[in-house]
Every structure is written in structure tokens, then in C-alpha cells.
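Chain by chain, the residues:
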Amino acid sequence: MKNTPQRILLKLSGEALMGNDDFGINPDTLKRIAEEILALCQSGIELGLVIGGGNLFRGAGLAKNGLERPRGDHIGMLATVMNALAMQDQLQRLGLDARTLSSFAMHPVCEHYSRDLALHHLNAKRITLFAAGTGNPFFTTDTAASLRAIEIGADLMIKATKVNGVYSADPVINPDAVFYQQLSYEQVLNQRLAVMDTTAVVLCQENQLPLRVMNINEAGALKRLIQGESVGTLIH
């Protein structure tokens, strides 16, 4: 990475918080990820954070069994608020200043999202957690992350996953899958690579937002990335 980004949007899946559990939030995993974020912020990075809710609830899955999709998506958005609050608490335990902004008005619990408020917190070096997706059904947290990254003027979006980057196929299923160190957004779209949903990819492409896909379980990877190492896959 030639130019060190000053403002980053980090996207975590809800499943990243489960650790080796089958459901929920694993306290040790939550603490480990928070410590990785601490090391990142100690370098002076301004950080926005989006966490999915798949460890607690998936609206799309229940919709297949009869639950109305908009209602299921709203429940899923509430799951992202729970994850954000848990991460906020852990970050504050480490001495970091962190705030959760929800697309739903939930004033007794957290602040209501506005771009101006988000920029205020980021400029004050507060970690800003964006919860409740876009506030609308039928949009994924990947799309919400892309949207928030663009709104706050992020220099880079990082999608932290359980694999080392982007492959031509699922490396768990296909041991011959090819690892990509760099890709263009056109290649991601044309080859239908499973990076993010199409809406999220197009948002990044149209706004020239670089995306880095990396493994959140690799100790120190976030810090090495900011220090200039080539970690994971760069999409631009």
C-alpha cells in the first residue's frame, strides 16, 4: 500500500464474533478482535465499523419459511445493533472512545445516525460503529458498509473475513482455487466472485473506493496492512 489511509471503514461479519461457537458472541473472540482494532487505532487511523448480525439472526433465511421479508430484515438489523453495542463496550474497556450510531432512532440505547454526527465523532478520533444497516429492508450489511464508507469519505474499506482474501472458488471446497492478490471491480462483477453483493460492489466501483479483503483471524494483519504490507486481496 503506497499511501497510508487516514480513514477506514472496517466491515466485520457477525459470524466473526462467534469464534468456535455455533451461535452468539464469544467473549474471548470479541476481546481479541477489539485488541486488533486497538492496535490499528494506535497508529492514528480514524475508524468506522460495521458488524453484520448473522451470528444472532438472519432475516433472509426465515423469510424462506414464511416470515415476511421486511420484518425479518428489520429483526436482523436489530441484531447488528446488539453486536455493535457489545463491541463498543469491549473497545471502551480497552480505553478507546467508541460510539454506536443506529439507522433506527434508539435514543436510550445509542445515537441516531446522521452523516454530520458520524463525521463529528470521526474527526474527534472516536471509533464510530454504524448499526441497523441502511435502515431499509432488502439491503445487506455489505451494502450498508459501502454506503457508510462513501458517506464518511473513507480512503479504504476493509472486509474482514475468515479466509485470506479472494479466491476463484471456495478454497475450503476446492483446494485448487486460485488466490487473487489484486482485482478490478470489473473482474469481480464479470466473474461473479463472492466478495460482496452486487449493490455493494457497484457502489464501491462508482465511487472509486478501494476494498481490501483479508482474514480477521490472522493475528496482527490489520496493523501490518496499515504499515504497508500487502495483506489479503486489493480490489480497485
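Here we summarise the structure given alongside this text. (Residues numbered from 1 in each chain as written. Predicted model: local features only at pLDDT ≥ 70, side-chain atom pairs only at ≥ 80, totals over all residues. Heavy atoms only, no water.)

1. A short note on the overall build of the protein
Okay, so step 1: Assigned secondary structure in the protein consists of 8 helices and 11 strands.
Okay, so step 2: Computed over its C-alpha atoms, the radius of gyration of the protein comes to 17 Å, within 12% of the 18 Å expected for a compact globule of 236 residues.
Okay, so step 3: Along the longest, intermediate and shortest principal axes, the C-alpha atoms of the protein span 50 × 45 × 35 Å.
Okay, so step 4: Looking at the 236 residues of the protein, the share that counts as buried comes to 50%.
Okay, so step 5: Excluding contacts between residues fewer than 6 apart, the proportion of contacts in the protein whose partners are at least 24 apart in sequence is 70%. (Helix = DSSP H or I, 4+ residues; strand = E, 2+ residues; numbered from the N terminus. Rg over C-alpha atoms; globule rule 2.2 N^0.38 Å. Buried < 20%, exposed > 50% of the residue type's maximum accessible area, 1.4 Å probe, protein only. Contact = heavy atoms within 4.5 Å.)

2. What about the pairing of strand 5 (residues 127-131)?
Okay, so step 1: Where burial is concerned, most of strand 5 is hidden: 5 out of the 5 residues are buried.
Okay, so step 2: Here strand 5 shows a buried face lined by I127, L129 and A131 and a second buried face lined by T128 and F130.
Okay, so step 3: Of the pairings in the sheet, the one linking strand 3 (residues 98-102) to strand 5 comprises 5 bridges and is parallel in character. The residue of strand 5 that forms the bridge with S102 is A131. (Pairing = 2+ DSSP bridges.)

3. Topic: the packing of helix 5 (residues 141-151) against helix 7 (residues 198-206)
Okay, so step 1: Relative to each other, helix 5 and helix 7 sit at 15 degrees, their axes nearing to 7 Å. Between helix 5 and helix 7, the angle falls in the class roughly parallel. Considering the relative orientation of helix 5 and helix 7, their crossing is left-handed. Taken together, the residues of helix 7 that come into contact with helix 5 (itself represented by D142, T143, S146, L147 and I150) are T199, A200, L203 and C204.
Okay, so step 2: Of the residues contributing to the contact of helix 5 with helix 7, the split by class is 5 nonpolar, 3 polar and 1 charged. (Axes fitted to C-alpha atoms, helices over the stretch in contact; angles between N-to-C directions. Parallel < 35°, antiparallel > 145°, perpendicular 65-115°, else oblique. Left-handed = near helix turned anticlockwise from the far one by under 90°. Nonpolar A, V, L, I, M, F, W, Y, C, P; charged D, E, K, R; others polar.)

4. Topic: unusual backbone geometry
Okay, so step 1: The phi dihedral of F138 falls on the positive side, at around 75 degrees, and the residue is not glycine.
Okay, so step 2: With a phi angle near 55 degrees, Q208 is a residue other than glycine that sits in the positive phi range.
Okay, so step 3: On the secondary structure map, Q208 appears in the loop between helix 7 and strand 10 (211-215).

5. So, the environment of E15
Okay, so step 1: Structurally, E15 is set in the loop between strand 1 (7-12) and helix 1 (27-41).
Okay, so step 2: Linking E15 and V163, residues 148 residues apart in sequence, is a C-alpha distance of 13 Å.
Okay, so step 3: Excluding residues within four positions of it along the chain, E15 makes contact with G54, N55, R58 and K162.

6. Re the packing of aromatic side chains
Given two aromatic rings, one states the distance between the centres and the angle between the planes to describe the pair.
Okay, so step 1: Applying the stated criterion to the full structure yields 2 aromatic pairs.
Okay, so step 2: Residues Y113 and F130 carry aromatic rings whose centres are separated by 5.7 Å and whose planes lie at 80 degrees to one another, so their mutual orientation is edge-to-face. You can see Y113 sitting in the loop between strand 4 (111-112) and helix 4 (115-123) and its partner F130 sitting in strand 5, a full 17 residues away along the chain. As far as burial versus exposure is concerned, Y113 and F130 are alike and both buried.
Okay, so step 3: Lying over the aromatic face of Y113, R148 brings its terminal NZ or CZ to 3.7 Å of the ring centre. (Phe/Tyr/Trp six-rings, centres within 6.5 Å; stacked < 30°, edge-to-face > 60°. Lys NZ or Arg CZ within 6 Å of the ring centre and 35° of its normal.)

7. Observations concerning helix 3 (residues 69-93)
Okay, so step 1: Here helix 3 contains 25 residues, and its C-alpha end-to-end distance of 37 Å stays within 8% of the 36 Å for a straight helix at 1.5 Å per residue.
Okay, so step 2: Looking at the residues trailing helix 3, positive phi occurs at G95, about 95 degrees. (Expected span 1.5 Å × (residues − 1).)

8. Thoughts on the side chain of N55
Okay, so step 1: Mapped onto the elements of the fold, N55 is located in the loop between strand 2 (46-51) and helix 2 (59-63).
Okay, so step 2: Of note is the side chain of N55, whose polar atom sits 2.7 Å from the side chain of N83.
Okay, so step 3: Apart from the residues lying within four places of it in its own chain, the contact partners of N55 are G14, E15, L17, M18, F23, G24, I25 and N83. (Polar contact = N/O pair within 3.5 Å; in protein donor to acceptor, adjacent residues only side chain to side chain.)

9. What about the sheet that holds strand 10?
Okay, so step 1: If you trace the 9 strands from one edge of the open sheet to the other, you get 4-3-5-2-1-6-10-11-9, paired in mixed fashion. Across the chains shown, the open sheet's two edge strands, defined by having one partner strand only, are strand 4 and strand 9 (182-183).
Okay, so step 2: Taken strand by strand, helix 1 contacts strand 1, strand 2 and strand 5, and its axis lies near 155 degrees from that of strand 2.

10. So, the nonpolar core
Okay, so step 1: With 40 residues, the main nonpolar core has L10, L12, I37, M87, L91, I127 and L129 as its most contacted residues.
Okay, so step 2: Elements supplying a minimum of two residues to this core: strand 1, helix 1, strand 2, helix 3, strand 5, strand 6 (156-161) and helix 8 (221-226).
Okay, so step 3: The residues contacting L129, other than those within four sequence positions of it, are L49, I51, A84, M87, Q88, L91, A98, R99, T100 and L101.
Okay, so step 4: Residues L122, A149, I152 and V166 belong to the second largest nonpolar core, which totals 28 residues. (Core = buried A, V, L, I, M, F, W, Y, C linked by side-chain atoms within 4.5 Å.)

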